[in-house]
Amino acid sequence: MRRHLPAALIALRLMLGPLMLLVAANGEAAPLLAAMIVAATLSDIFDGVLARRWGVATEALRVADSRVDIVFIGCAVAALWRVRAVVLRAFLPALATLAAAAVAGAVLDLAK
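Just so we're clear, the structure is a prediction, and the values are computed from it rather than from any experiment. (Residues numbered from 1 in each chain as written. Predicted model: local features only at pLDDT ≥ 70, side-chain atom pairs only at ≥ 80, totals over all residues. Heavy atoms only, no water.)

Some words on the packing of helix 2 (residues 30–53) against helix 3 (residues 59–90)
Two elements in contact, helix 2 and helix 3, have axes separated by 11 Å at closest approach and are oriented at 165°. Between helix 2 and helix 3, the angle falls in the class roughly antiparallel. Seen from above, helix 2 lies across helix 3 with left-handed handedness. In this structure, helix 2 contributes A30, L33, M36, I37, A40, D44, D47 and A51 to the contact, and helix 3 contributes L61, D65, D69, F72, A79, L80, V83 and R84. Residue composition of the contact of helix 2 with helix 3, by class: 11 nonpolar, no polar and 5 charged. (Axes fitted to C-alpha atoms, helices over the stretch in contact; angles between N-to-C directions. Helix = DSSP H or I, 4+ residues; strand = E, 2+ residues; numbered from the N terminus. Parallel < 35°, antiparallel > 145°, perpendicular 65-115°, else oblique. Left-handed = near helix turned anticlockwise from the far one by under 90°. Contact = heavy atoms within 4.5 Å. Nonpolar A, V, L, I, M, F, W, Y, C, P; charged D, E, K, R; others polar.)

Quick notes on the pattern of salt bridges
Considering all chains together, one arrives at 5 salt bridges under this definition. In this structure, D47 engages R13 in a salt bridge whose closest nitrogen and oxygen atoms are separated by 3.1 Å. In this pair, D47 is assigned in helix 2 and R13 in helix 1 (residues 5–25), connecting sequence segments 34 residues apart. The exposure classification of D47 matches that of R13, with both residues buried. A salt bridge links R13 to D69, with the nearest nitrogen and oxygen atoms 3.0 Å apart. One end of the pair, R13, is in helix 1; the other, D69, is in helix 3, and 56 residues separate them in sequence. Looking at R13, the relative accessible area reads 2%, which means it is buried. The class for D69 is buried, based on a relative accessible area of 19%. Put simply, R13, D44, D47, D65 and D69 are held in one network by salt bridges that share partners. (Salt bridge = Lys/Arg side-chain N within 4 Å of Asp/Glu carboxyl O. Buried < 20%, exposed > 50% of the residue type's maximum accessible area, 1.4 Å probe, protein only.)

Below, the structure written as structure tokens:
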């Protein structure tokens, strides 16, 4: 059971991305979207920590984590744009910088 938890946390994040798009498409859902982002962030933190602690970290798990991060971030931005575009526009330069850094990090992880 323990050895599968990091992969399950990555799978959770992969499911939360498209689910956020559905929630955003159904109207005003900022509190639910915020909760989903918090859950995804926690899963991103703990999947790697637990995998290393329990000795189940593999190259495949790291690659999956990086790819799922890209999918989740894209879905999160799209969902938040639908619900709070005005707020996101105000922070667009900073968000673009963060997105570029995240993509660059993921590309570097995949290149390892």
